[in-house]
Amino acid sequence: MEQQNTATAHHVLPLSLYFTVAGVLFVLTGITVAISFVHFGEFNIIVAMLIATVKASLVALYFMHLKYDNKLFMAVFLSSLIFLGLFLTLTMTDTMHRGDIDPIKEHPIKKEAVFYNK
Amino acid sequence: MSVATTANYLNEEKGLKSWLFTLDHKRIGMMYLFAVMIAFFLGGVFAILIRLELLNPGQDFFTADTYNQLFTLHGAVMIFLFIIPAIPAALGNFVLPLMLGAKDVAFPRLNLASFYIYVVGALFALYSIVAGAVDTGWTFYTPYSTTTSTSVISMTLGAFILGFSSIFTGVNFIATIHKLRAPGMTWFKMPLMVWALYATSIIQVLATPVLGITLLLLIIERTIGIGIFDPAMGGDPVLFQHFFWFYSHPAVYIMILPGMGIISELVTTFSKKKIFGYKLIAYSSLGIALISFLVWGHHMFTSGQSEFSSMVFSFLTFFVGIPSGIKMFNWLATMYKGRITFEAPMLYTIAFMFLFAIGGLTGIMLGAISIDIHMHDTYFVVAHFHYTMMGGTVIAFLGGMHYWWPKIWGRMYSEKWARVAWALIFVGFNVTFFTQFFLGSQGMPRRYYNYLDQYQPLHMYSTYGSWMLGVGFLIMAYYLIYSIYKGPKAPNNPWGGLTMEWQTTSPPIQHNFEEQPVLEHEPYDYDTRMVVNDQLIKKEDVKEKENINV
Ligand code: HEM
Ligand SMILES: [Cu+2]
């Protein structure tokens, strides 16, 4: 019953907080654009994803009130991310390592394979 | 229908409409039971036809194409229409609120919606049979599934829709278990069946959406060719297998976990002994649910996935054996020095332990890359998963059905015929599938309608076994249906169980309990309680009064 209260009670945040968060989001967007002119090679994607993740978290935490809601919602939200991460990571143990030992595996099926002569 | 004297959920409201629009979890469970039994029958007919074709080498009854359709339909119907909903949605629906001491599930309307979504999904699947049955195997692997001319879309759309029904059940059960436990029933005083259903629900909710996405991607690939799986357009066909098994390996635990829950109930009731290692069994259900998400690549050792990936998945696969083994040994320890009786449900429990041990251990064998390279796509794999799914889940389902049958209908079935059917099914099952381990290890490939002469004797035995199984199931259908109409009235607690579903009438009244039950003892307190003529008594009271040893 106690749980229900915290879940439904409206937590009113000061307007200034919203503006601060919005400001940070704009700044981060700026950084994303600026950084696209710098080349990090392989790390391009990592940097971009890092900034995007921070932005998404800010939106979820403040604008979507996840930070002040019942912690159960947070757990559900996080576990969905963890599971996505799990899926990607374990799939990447495959896709990043094809051909390490047996070069034939590098390309799943040759594009010239008879099968594709439709 | 039944002429039970008192008002109960079966006779309180009458007529077809009162069933179709019911919100009562017991009636919805029974409608599910009816539906999954039809699916089981249909899948069974396909199975008998497959075995018939394999009785002799060469083409006897069906062409190669028809044969491909038969095994696909057999697999798809058995998995998506029967085994996934069978225990949770049919039996689980009936017993979960009763075991918790609740009036119903948390969301009765969602429960009914889940049933009708199941029906719609089933209709799509059935339509695909008429409209040029699928021939891809139940796994729908690309690139074949994106190019075959059979009705892949309606079947996958069916499975997609069925997924929602499964998710609804899962969400409903999670909420029910969190919110509707009887006063006094803390998490570690819940029956183990409830723990098993809880773990199952988590997998249903987490994994099923991935199946939905996978099948949707497949449909999009087929219709507008976006090139996710087609290498000609930069796609990757092996990616489909990653997607598919990310759902389907956890799905095998959607199938087996509730079966293990049933076995935990049955083994204590019929050993009249407190369960050994309650917490370990409960935690191992969660452990299985978790590990099940980390091992899917063991289905792909020969798919062309990287060697590194195979190594990782093989390593992780071995861990699945641990929680399964924990359960197995705890059940055995529960039986040790128990006062075991061998009524039909217990016979199924024992059959389960034999068969699931074989199924699980051969799974570990297949998890070793060096062995799987040889065994993959042979009859060895077919034998393995039948030992787990049929020898495990279906046998547990039958055990549970016999166990709760008197509660469901208020009638007893014939114990004698139940034993006959059990014996036929147990022996028939082993004759059918044990032979397939030999066939597979000698190189007989899976999904072929023809074979070399050298395999004939074993194939013949396997087909004979399937007939035995068929007869066993027909007998069961007969005595069970007969018992609904003519069986002797069942007592409230025919097996002397201590969980809450036995504290209400057989069949239960519409709202399950006259008044809110309160948990007074743990679910398996057989060391201090016993049931005599439906009355729960404390053993010490008996000792004092009669000064006898109980
Ligand atoms: C100790 C636990 C288990 C282990 C280690 C295990 C391991 C494996 C492995 C390695 C394969 C792949 C074989 C191959 O295709 O070459 C496999 C296939 C399969 N297993 Fe299991 N398994 C276990 C339990 C189960 C359970 C409980 C079920 C179902 C209730 C199940 C159902 C299946 C099915 C359906 C397939 C074949 C899928 C297909 O290709 O159509 N397994 N198992
Ligand atoms: Cu698996």
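Residues numbered from 1 in each chain as written. Chains lettered and ligands numbered in written order. Predicted model: local features only at pLDDT ≥ 70, side-chain atom pairs only at ≥ 80, totals over all residues. Heavy atoms only, no water.

### Some remarks on the overall build of chain B
Link 1 in the chain: A count of helices and strands for chain B gives 16 helices and 2 strands.
Link 2 in the chain: Here the C-alpha atoms of chain B give a radius of gyration of 23 Å, agreeing with the 24 Å that 2.2 N^0.38 yields for 550 residues.
Link 3 in the chain: Counting only C-alpha atoms, chain B reaches 80 × 45 × 45 Å along its principal axes.
Link 4 in the chain: Classification of the 550 residues of chain B by burial places 60% in the buried group. (Helix = DSSP H or I, 4+ residues; strand = E, 2+ residues; numbered from the N terminus. Rg over C-alpha atoms; globule rule 2.2 N^0.38 Å. Buried < 20%, exposed > 50% of the residue type's maximum accessible area, 1.4 Å probe, protein only.)

### With respect to the site of ligand 1
Residue and element names in this part refer to chain B.
Link 1 in the chain: Around ligand 1, the surrounding shell holds 24 residues, and the nearest of these are W138, D372, H376, H384 and R446.
Link 2 in the chain: Elements with a minimum of two residues in the shell around ligand 1: helix 8 (237-271), helix 10 (307-335), helix 11 (344-367) and helix 13 (379-409).
Link 3 in the chain: The element that contributes the greatest number of residues to the shell around ligand 1 is helix 11, accounting for 6 residues.
Link 4 in the chain: For the shell around ligand 1, the residue count by class is 12 nonpolar, 10 polar and 2 charged. (Near = heavy atom within 4 Å. Nonpolar A, V, L, I, M, F, W, Y, C, P; charged D, E, K, R; others polar.)

### What about the coordination of the iron atom of ligand 1?
All names here are of chain B.
Link 1 in the chain: Of the protein atoms, H384 (NE2) alone serves as a donor to the iron atom of ligand 1, at 2.2 Å.
Link 2 in the chain: Here the iron atom of ligand 1 and the copper ion (ligand 2) are spaced 4.4 Å apart.
Link 3 in the chain: As for its position among the elements, H384 is in helix 13. (Donors = N, O, S within 2.8 Å, 3.2 Å for Na, K, Ca; no water.)

### Description of the coordination of the copper ion (ligand 2)
Link 1 in the chain: Around the copper ion (ligand 2), the donor atoms from the protein are B:H249 (ND1), B:H298 (NE2) and B:H299 (NE2), and they sit 1.8 to 2.1 Å away.
Link 2 in the chain: The class of B:H299 is partly exposed, set by a relative accessible area of 22%.

### Observations regarding the packing of helix 3 (residues 64-100) of chain B against helix 4 (residues 108-130) of chain B
Each pair of packed helices can be summarised by the angle the axes make with each other and by the distance between the axes.
Residue and element names in this part refer to chain B.
Link 1 in the chain: Two numbers describe how helix 3 lies on helix 4: the axes approach to 12 Å, and their chain directions differ by 165°. Here helix 3 is positioned roughly antiparallel relative to helix 4, judged by the angle of their axes. Considering the relative orientation of helix 3 and helix 4, their crossing is left-handed. Residues L73, F80, L81, P85 and N93 of helix 3 touch helix 4, and the partners they reach there are N111, Y118, A122, A125 and I129.
Link 2 in the chain: Residue composition of the contact of helix 3 with helix 4, by class: 8 nonpolar, 2 polar and no charged. (Axes fitted to C-alpha atoms, helices over the stretch in contact; angles between N-to-C directions. Parallel < 35°, antiparallel > 145°, perpendicular 65-115°, else oblique. Left-handed = near helix turned anticlockwise from the far one by under 90°. Contact = heavy atoms within 4.5 Å.)

### Quick word on the environment of A:L88
Link 1 in the chain: Mapped onto the elements, A:L88 comes out in helix 4 (residues 71-95).
Link 2 in the chain: Measuring from C-alpha to C-alpha, the distance between A:L88 and A:K105 comes to 20 Å, with 17 residues separating the pair along the chain.

### Observations regarding the interface of chain A and chain B
Accessible area lost when the parts come together is the quantity often used to give the size of an interface.
Link 1 in the chain: Tallying the contact residues gives 20 residues for chain A and 26 residues for chain B.
Link 2 in the chain: Two residues, A:R98 and B:D236, come together in a salt bridge whose shortest N-O distance is 2.9 Å.
Link 3 in the chain: For the pair chain A and chain B, the number of links is 6 residue pairs in polar contact (both at pLDDT 80 or more).
Link 4 in the chain: With 8 residues, helix 4 of chain A is the largest single contributor of residues to the side of chain A that touches chain B. (Salt bridge = Lys/Arg side-chain N within 4 Å of Asp/Glu carboxyl O. Polar contact = N/O pair within 3.5 Å; in protein donor to acceptor, adjacent residues only side chain to side chain.)

### Some remarks on the pairing of strand 2 (residues 535-538) of chain B
The side chains of a regular strand alternate, residue by residue, between the two faces of the sheet.
All names here are of chain B.
Link 1 in the chain: In this structure, strand 1 (residues 529-532) lies alongside strand 2, joined through 4 bridges in antiparallel fashion. By the bridge assignment for strand 2, V531 is matched with L536.
Link 2 in the chain: Counted along the chain from strand 1 to the antiparallel partner strand 2, the turn is 2 residues long, and its residue N533 has a positive phi close to 50°. (Pairing = 2+ DSSP bridges.)

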